[in-house]
Amino acid sequence: MNHHLAAFKTWICAGLCLPAAMAVGAPSRPNILFVLVDDQSPFDLKFYNPASPMEAPNIERLAAEGMTFDAAHHMGAFVGAVCTPSRHMIMSGRTVWHLPIGPGAKTHCPPELEKNTMAAVFNRAGYDTMRTCKKGNSYEGANRQFTVRHDAEKRGGTDETGSAWHADQVLNYLHDRETAKDTDPFLIYFGFSHPHDTRDGKPELLANYGAVNHTDKNAVPPENPLLPPLPVNWLPAHPFPHGHPGLRDEVAVSGVWEKRDERTIRNEVGREFACSENIDIQLGKVLARLKEMGELENTYIFYTSDHGIAIGRHGLQGKQNLYEHTWRVPYIVKGPGIKPGSRAKGNIYLLDSLATICDLTGVPAPDSNEGISFKPVLMGEKETIREVLYGAYNGGTKPGMRSVKKGDWKLIQYDVMEGRVREKQLFNLAENPNEFLKEHHDPEVMKASGIRPAENQVNLAGDPKYAEKLAEMEALLLSEMRRLDDPWRLWNQPDDGLIPPKDDAKPKKKNKAKAE
């Protein structure tokens, strides 16, 4: 790995001129360790859900020593692989409809965006950049910008085939830095392939949760009293089609397939926890090594996921929905100037990460960035950086589902299955944080989950008492769709004279026929 570092230093010396305040090796310049896991609901973690049995002491210590965000979200996706647009947004700081892979990319995305993504920006600022993560379903142009890169899909149940492999790449890189007496500031993108399925956990960690790596599609996993309980908002089926027929995540995930019975879901949650606990162990190794090297105190550590995941919640399995367990992400930041044990609502998107790490390090954010730095939140100066949050998913039938949240109120609208499913869901998240539906009040569901929702914990969209709030949220959703260049409109929204761009063509005027 030393030859990568040497080549990078030669490039810096040969052609890069930095202002004195940005001089390479300046001791005041903090490092960045950006930790990204694949498919993790915030509610898996104790500092979001105290009832969770998942053990993650190193991640919990980060939360205790840094700031936890209670309203961090990804913005959405236009493909079933939600991680792909999510990771493009992280790398580029651009909104969901302004990505190079999105509809209308030529209209809404500058050319050669990869030259202004995370690693490219920090390379130019004199940082050493290193990456390890899964292969595929990400932003390859941005990934290539890292000076040192070791990517592979590692979702097995051994050290070589699982999360330990990713940790080893970081540990090797740190060893090479120490050997070379490298004092440049670094940006390490420390990604994992888990807990995304296939969730093959290590045997000793699976045993902690009574789970097995289940492979028999024709049988349910063995019963075990150590299995985690069902998620509080588990359902045996979603109450209406979610809009993406035949979606792999809902019908073909190994260990679950189309089953939503209690034992299958509890076993799969146990597998998820085992994989996440292994990530925690590997993260602990890297943090300990940074401390040994004297680098930890001058490093901002970010911990997050590309999106959440359902695993039985609301009768769903995947990440193609806009309920809080999936639209929200865990997000922690620890580092210089951040009050230990602090929490903030934040109202941040994953796409704000680039602007924030630039702000924390004094590196100018690229002009192409559309995110907002939440450094003022990290420093205790503000509680939030925006009032409204928007979410989209239309990787299946169009126009898909949309969500908007402001204060305690949240709206989800579905316009899917060629217009056959048109639904509205209105939640007061202060009163109904788990987004319980009337189906959660079914006696058999309550018996299985052990949860008895309060009478008012339902979808409020059909309640006349909330008609005014529903209309307010619908207007807010349309406003956000227009502001963010969402190219689709739902059945009850006005015709803005556009059809979704096709083949990167500029949006054109349309007739009154429904947009496809």
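Since we're looking at a predicted model, the values are computed, not measured. (Residues numbered from 1 in each chain as written. Predicted model: local features only at pLDDT ≥ 70, side-chain atom pairs only at ≥ 80, totals over all residues. Heavy atoms only, no water.)

(A) Representation of the overall build of the protein within the structure. Helix and strand counts for the protein come out as 15 helices and 15 strands. Scaling as 2.2 N^0.38, a compact globule of 516 residues should have a C-alpha radius of gyration of about 24 Å, and the protein matches this with 23 Å. When its C-alpha atoms are laid out on the principal axes, the protein stretches across 65 × 60 × 40 Å. Taking all 516 residues of the protein together, 60% fall into the buried category. Of the contacts formed within the protein by residues at least 6 apart in sequence, a portion of 70% connects residues at least 24 apart. Of the side chains in the protein, 63 bear a positive and 68 a negative charge, and the two mean positions are spaced by 3 Å. (Helix = DSSP H or I, 4+ residues; strand = E, 2+ residues; numbered from the N terminus. Rg over C-alpha atoms; globule rule 2.2 N^0.38 Å. Buried < 20%, exposed > 50% of the residue type's maximum accessible area, 1.4 Å probe, protein only. Contact = heavy atoms within 4.5 Å. Lys, Arg positive; Asp, Glu negative; His and termini not counted. Charge placed at Lys NZ, Arg CZ, Asp CG, Glu CD.)

(B) Fine view of the sheet that holds strand S14 (residues 409-416). Spatial strand order, S4-S12-S13-S14-S15: five strands in an open sheet with mixed pairing. Edge positions in the sheet fall to strand S4 (76-77) and strand S15 (421-428), since each has one partner strand and no second. For strand S12 (residues 388-393) and strand S13 (residues 400-406), the ladder comprises six bridges, and the chain directions are antiparallel. Across the sheet, residue Tyr-393 finds its bridge partner in S13, namely Met-401. (Pairing = 2+ DSSP bridges.)

(C) Up close: the sheet that holds strand S9 (residues 331-334). In space, the eight strands of this open sheet follow the order S6-S5-S7-S1-S8-S9-S2-S10, with mixed pairing throughout. The sheet is open, and its two borders are formed by strand S6 (148-151) and strand S10 (342-344), each paired with just one other strand. Sheet twist, expressed as the average angle between the axes of neighbouring strands with direction ignored, equals 10 degrees. Pairing of strand S5 (residues 128-133) with strand S7 (residues 186-195), which is carried by five bridges, proceeds in the parallel orientation. Looking at S7, one finds that Met-130 is bridged to Ile-188. Along the sheet, helix H2 (residues 57-65) contacts strand S2 (67-69), strand S8 (299-305) and S9; its crossing angle with S9, the most-contacted strand, is approximately 65 degrees. Running over the sheet, helix H12 (residues 353-361) touches strand S1 (31-38), S7, S8 and S9 and is turned about 170 degrees from S8. (Axes fitted to C-alpha atoms, helices over the stretch in contact; angles between N-to-C directions.)

(D) Structural detail: the environment of Glu-444. Inspection of the secondary structure assignment puts Glu-444 in helix H14 (residues 443-449). Given a relative accessible area of 57%, Glu-444 falls into the exposed group. Put simply, Glu-444 and Val-79 are 365 residues apart on the chain and 35 Å apart in space, counted from C-alpha to C-alpha.

(E) The arrangement of the nonpolar core in detail. Formed by 94 residues in total, the largest nonpolar core has its most connected members in Leu-33, Ile-188, Phe-190, Val-286 and Tyr-390. Top contributing element to this core by residue count: helix H10 (residues 262-292), with nine residues. Ignoring any residue separated from it by four or fewer positions in sequence, one finds Ile-188 in contact with Ile-32, Leu-33, Phe-34, Met-130, Val-170, Tyr-173 and Leu-174. Core analysis: the second largest hydrophobic core is formed by 40 residues, Met-67, Met-118, Val-121 and Ala-344 among them. (Core = buried A, V, L, I, M, F, W, Y, C linked by side-chain atoms within 4.5 Å.)

(F) Broad picture of the pattern of salt bridges. Scanning all chains against the criterion turns up 47 salt bridges. A salt bridge links Arg-94 to Glu-370, with the shortest nitrogen-to-oxygen separation between them at 3.6 Å. Taken together, the positions of Arg-94 in the loop between helix H3 (83-92) and helix H4 (105-108) and Glu-370 in the loop between H12 and helix H13 (375-378) put the pair 276 residues apart, joining distant regions of the chain. A salt bridge links Glu-112 to Lys-115, with the nearest nitrogen and oxygen atoms 3.0 Å apart. Salt bridges sharing partners connect three or more residues here, namely Asp-38, Arg-87, Lys-134, Glu-153, Arg-155 and Asp-306. (Salt bridge = Lys/Arg side-chain N within 4 Å of Asp/Glu carboxyl O.)

(G) Representation of the pairing of S14. Counting buried positions over the eight residues of S14 gives eight, a clear majority of the element. Neither face of S14 is open: one carries Trp-409, Leu-411, Gln-413 and Asp-415, the other Lys-410, Ile-412, Tyr-414 and Val-416, and all of them are buried. As judged from the seven bridges shared by S13 and S14, these two strands associate in the antiparallel manner. Paired with Lys-406 across the bridge in S14 is Trp-409. Count of turn residues in the S13/S14 antiparallel hairpin: two residues, of which Gly-407 carries a positive phi of about 60 degrees. As paired strands, S14 and S15 are joined by eight bridges and run antiparallel to one another. Across the sheet, Trp-409 pairs through a bridge with Asn-428, a residue of S15. The antiparallel hairpin formed by S14 and S15 contains four residues in its connecting segment, where Met-417 sits at a positive phi of about 55 degrees.

(H) Region of interest: the packing of helix H7 (residues 163-179) against H10. Running from N to C, H7 and H10 cross one another at 5 degrees; their axes reach a closest spacing of 9 Å. In terms of orientation, H7 lies roughly parallel with respect to H10. Across the interface between the two elements, Ser-163, Ala-164, Ala-167, Val-170, Leu-171, Leu-174 and Glu-178 from H7 touch Asn-278, Ile-279, Gln-282, Lys-285, Val-286, Arg-289 and Leu-290 from H10. For the contact of H7 with H10, the class distribution of residues is eight nonpolar, three polar and three charged. (Parallel < 35°, antiparallel > 145°, perpendicular 65-115°, else oblique. Nonpolar A, V, L, I, M, F, W, Y, C, P; charged D, E, K, R; others polar.)

(I) Spatial organisation of the side chain of Gln-425. In this fold, Gln-425 is placed in strand S15. According to the relative accessible area criterion, Gln-425 is buried, its value standing at 2%. Excluding residues that lie within four positions of it along the chain, Gln-425 makes contacts with Phe-240, Tyr-323, Lys-410, Leu-411, Ile-412, Tyr-414, Leu-437, Asn-459 and Ala-461.

(J) Region of the structure containing the side chain of Asp-280. Inspection of the secondary structure assignment puts Asp-280 in helix H10. For the buried residue Asp-280, which engages in no salt bridge, the nearest side chain bearing the opposite charge is Arg-61, 6.9 Å off. Ignoring any residue separated from it by four or fewer positions in sequence, one finds Asp-280 in contact with Ala-56, Pro-57, Asn-58 and Ile-59.

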